[in-house]
Amino acid sequence: MSRQLCIHGHFYQPPREDPWMGEIFPEDSAAPSLNWNQRITRESYAPLAWARRTDSGGCITDILNCYEWISFNAGPTLLGWMERNDYPTYQRMVDADRVSIARWGHGNAMAQVYHHTILPLASAQDKKLEIAWARADFRARFGREPEGMWLAECAADTATLEELARQGILFTILSPHQAAAVAESGPDDRQEHWQPVRGGEIDISEPYNIELPSGRSIAVFFYNGPLSQAVAFERLLQDGENFWQKLSGAANGGLLTVCTDGETYGHHFTFGEMALAYTLGQAISGRDNIRLTNYATYLTQNPPTRKVRLHEPSAWSCAHGVERWRSNCGCTDGGHPQWNQEWRTPLREALNMMKKAVDAHTAAEAALFKNSAAALEKYGEILAGSVPREAFAADHFTPGLTPEATKKAWQLLAMQEQALAAFASCAWFFDEISRIEPVNSMTYALRALEILKGTGGPTLESDFAAILEKARSNKTEEGTGRTVFENHVLPRRETKASIILQAMLRLWAEKRLPCPNIKNTVQWRNLTVTILPTDVVGGSLSGEARIRWANEPDGSPVEWEWMPPKAGTIHETAITITGKDGSRQTLRYTELPRNKRQAIAMRAMEVANTQRLDAFEEDAANAVALFEPWVEAQHDQPMGHHWKANAPALAVAYMKHPGLSDNQRRQLAQFLTDSGLLIGGGREVITNWLTMRLLRFIESASEPDAKDADRQWERAASIVERARTLLPHPDLWAVQNRMWETGFRSAGARRFATAIGFRV
């Protein structure tokens, strides 16, 4: 009898974008990455798209797109970021769904509640929006309706399941501990015999049916709890063969399903994606009579024959229903068992107050829409980019609106999106209100309250803060939720002064301060700033700026005065703007929030490093040729500190220019490695240069009409070989991925592929 296996990955990061700028600013705890989206993608999500399978010598024999063989859901906010910032990984996920449809008739991808909101705690309207927006996002990305949907934290109740079924969702996945009782499906409910489920002891090898009060029903799969726990927390991924043996031993008749967070593979367990790839390879080969499938395929082939009732409300990660997201229930994570989470209740109360006000204001402005409920539900298509704004306005806005009224209608919809983003489950999941997750939640709430006030609604910021004052931080220095709000959230709010100051600092960091009467622009995802200096007096610049928000016309000009920072004085830098009434507002660099100051620092360092490398590269090429081999008792270069100061540039020149004697090359490589300057930041500089250079080689040599392609491959291979004398294990991950997609079609390409780690 064939045994079927479905491994499911839950890929989720909470919304992290700044609600004014639309960008994710640096997140300290994710260092050295810029933010957690970038870090987890690089450590887990991308490696799963290009999972290495190697031989005993460590050479790559195959690269597997795991998404083609596992079931997966990915949050819309994460996929949106990936599409903008790591398109190759994003495309591998989308392509994987198409491949699985061709193979099994149903796709591997499942939808996910839009903002990862705990739906049993959401209003009926918010349940509807979170599911409808998720469906719209899924359609835009995968080109089909979702058959299944992942509920945040598997949190479920009857009302949530009713809404899923109403919107055409066929199934979801839950923890076995959420099952309360099972019964055989039959035509006569009076003859039902419900058997209680104790301790999660339920047969997970089949789907179950949940009959709903409306007469609809929805199917439920339960994952293997102990095995999923072992994958996530018990180092089962340290050895692929051990992982396979565990799966094979647990697979009986029917379906074995294992669910874990996607970040388990790589972020939590280094090379976890390789263990998964090994395991998938065993199943693909048919070992132990196990074959892979996905939920939709299995459901079609094996409709439920039994039905189930749930503990309500319930979730996989809370033993107390859904109390983790509104009370001090004892379920937590964060590594501080002595802390309490009494702050969860005031945070929930403050956000609920905000959302009720947002809903009431939207209802009060219903005349702006043909049907405000329908407009809200369809707004997911705007968020997904699948409907032009003009077409949406024609379909949903009241005809004949003035430009100002049209602007207000769009603002009301954006207000709802910001308000819903505040309810992402991570805000309550961990153990402290001053963590990044609750702070981000309050930031979205602040933006919603700002739009509420700006569109004629009540001013509720002080009421919001008053509720937060009841929340006490576990860190004495942080005080209450109010002080967290005042110290960490309010400084994030953008004003004309803060936006223009950041624009000027970006120009300064990028070494492109504008000259009088010459325009420069600085762009973020949500807005563009045009800077026009008109005068320079004593080194101080003055002029005007225009701020253009996305999908809106340019704002009126704002007069500004700014003194560019001199050496060591950036902390004193300030901008002064003049209002139409002659009022003046001054904002200092030090008043910007930490994450936005870090963004400026990051850009300044990035530009400085690039310019330094570019400036030294030509001279370094000559310097490399001037490097004299050592004699007698020599153990350093004369004036060796000058050589060492330019180590990264010398290393690049060494890799790029082969015209050295064997003795020069050997001793220069030894000198550079002994200097210790090719580790840390120096190593990153060299690796980034090497990656970009080799990617250009691949693109150039792979062109159909490429001239001297084999010569280009040979040159690229020699660069890699020289690089390995400096960096014994250079990070060639992106280069290997691109080469795998390109293929090894010629002798030169095969030599290069061997040089970068393939067995060909």
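Quick caveat, the model's predicted, so the values are computed rather than measured. (Residues numbered from 1 in each chain as written. Predicted model: local features only at pLDDT ≥ 70, side-chain atom pairs only at ≥ 80, totals over all residues. Heavy atoms only, no water.)

**Student:** Explain the overall build of the protein to me, and be specific about the residues and the numbers.
**Tutor:** The helix and strand tally for the protein stands at 26 helices and 20 strands. Over its C-alpha trace the protein gives a radius of gyration of 29 Å, about what one expects of a compact globule, namely 27 Å for 760 residues. Projected onto the principal axes, the alpha-carbon positions of the protein cover approximately 100 × 75 × 55 Å. For the protein, buried positions account for 55% of its 760 residues. When contacts within the protein are restricted to residue pairs at least 6 apart in sequence, long-range pairs at least 24 apart make up 68% of them. In the protein, 81 side chains carry a positive charge and 91 a negative one; their mean positions are 2 Å apart. (Helix = DSSP H or I, 4+ residues; strand = E, 2+ residues; numbered from the N terminus. Rg over C-alpha atoms; globule rule 2.2 N^0.38 Å. Buried < 20%, exposed > 50% of the residue type's maximum accessible area, 1.4 Å probe, protein only. Contact = heavy atoms within 4.5 Å. Lys, Arg positive; Asp, Glu negative; His and termini not counted. Charge placed at Lys NZ, Arg CZ, Asp CG, Glu CD.)

**Student:** Any chance you could break down the pattern of salt bridges for me, citing the residues and the numbers?
**Tutor:** Tallying each qualifying case throughout the model produces 46 salt bridges. Two residues, Asp 203 and Arg 306, come together in a salt bridge whose shortest N-O distance is 3.6 Å. Of this pair, Asp 203 sits in the loop between β9 (195–196) and β10 (208–211) while Arg 306 sits in strand β14 (residues 306–310), and the two are 103 residues apart along the sequence. Here Asp 203 falls in the partly exposed class, since its relative accessible area comes to 37%. (Salt bridge = Lys/Arg side-chain N within 4 Å of Asp/Glu carboxyl O.)

**Student:** I'd like a rundown of helix α18 (residues 496–509), residues and numbers included.
**Tutor:** Compared with the 20 Å implied by 1.5 Å per residue over 14 residues, the 20 Å span of α18 between its first and last C-alpha is a close match. Among the residues making up α18, those that are buried are Ala 497, Ser 498, Ile 499, Ile 500, Leu 501, Gln 502, Ala 503, Met 504, Leu 505, Arg 506, Leu 507 and Ala 509. Downstream of α18 by one or two residues, Lys 511 has phi in the positive range, about 60 degrees. (Expected span 1.5 Å × (residues − 1).)

**Student:** I'd like to hear about the pairing of strand β8 (residues 179–184), residue by residue, with values.
**Tutor:** In the case of a regular strand, side chains alternate between the two sheet surfaces. Most of β8 sits inside the fold, with five of its six residues counted as buried. Relative to β14, β8 runs antiparallel, the two sharing five bridges. Bridge pairing in β14 places Glu 184 opposite Arg 306. (Pairing = 2+ DSSP bridges.)

**Student:** Tell me what's going on with the sheet that holds β8, and back it up with residues and numbers.
**Tutor:** Within the open sheet, the six strands sit side by side as β7-β11-β10-β14-β8-β9. Their pairing is mixed. What marks the edges here is a single partner per strand, and that holds for β7 (171–174) and β9. Here four bridges tie β10 to strand β11 (residues 217–222), and the two strands are oriented antiparallel to one another. Across the sheet, the residue bridging to Ile 210 is Ile 218, located in β11. Sitting on the sheet, helix α5 (residues 158–166) touches β7, β10, β11 and β14, and the angle it makes with β11 is about 110 degrees. (Axes fitted to C-alpha atoms, helices over the stretch in contact; angles between N-to-C directions.)

**Student:** Can you explain the nonpolar core? Please cite residues and give values.
**Tutor:** For soluble globular proteins, the rule of thumb is that nonpolar side chains tend to be buried together. Among the nonpolar cores identified, the biggest contains 201 residues, and Tyr 67, Phe 222, Met 354, Phe 464, Met 655, Leu 694 and Phe 752 are the most heavily contacted of them. Residues contacting Phe 464, with those up to four places away along its chain left out, are Ala 350, Leu 351, Met 353, Met 354, Met 442, Ala 445, Leu 449 and Phe 485. (Core = buried A, V, L, I, M, F, W, Y, C linked by side-chain atoms within 4.5 Å.)

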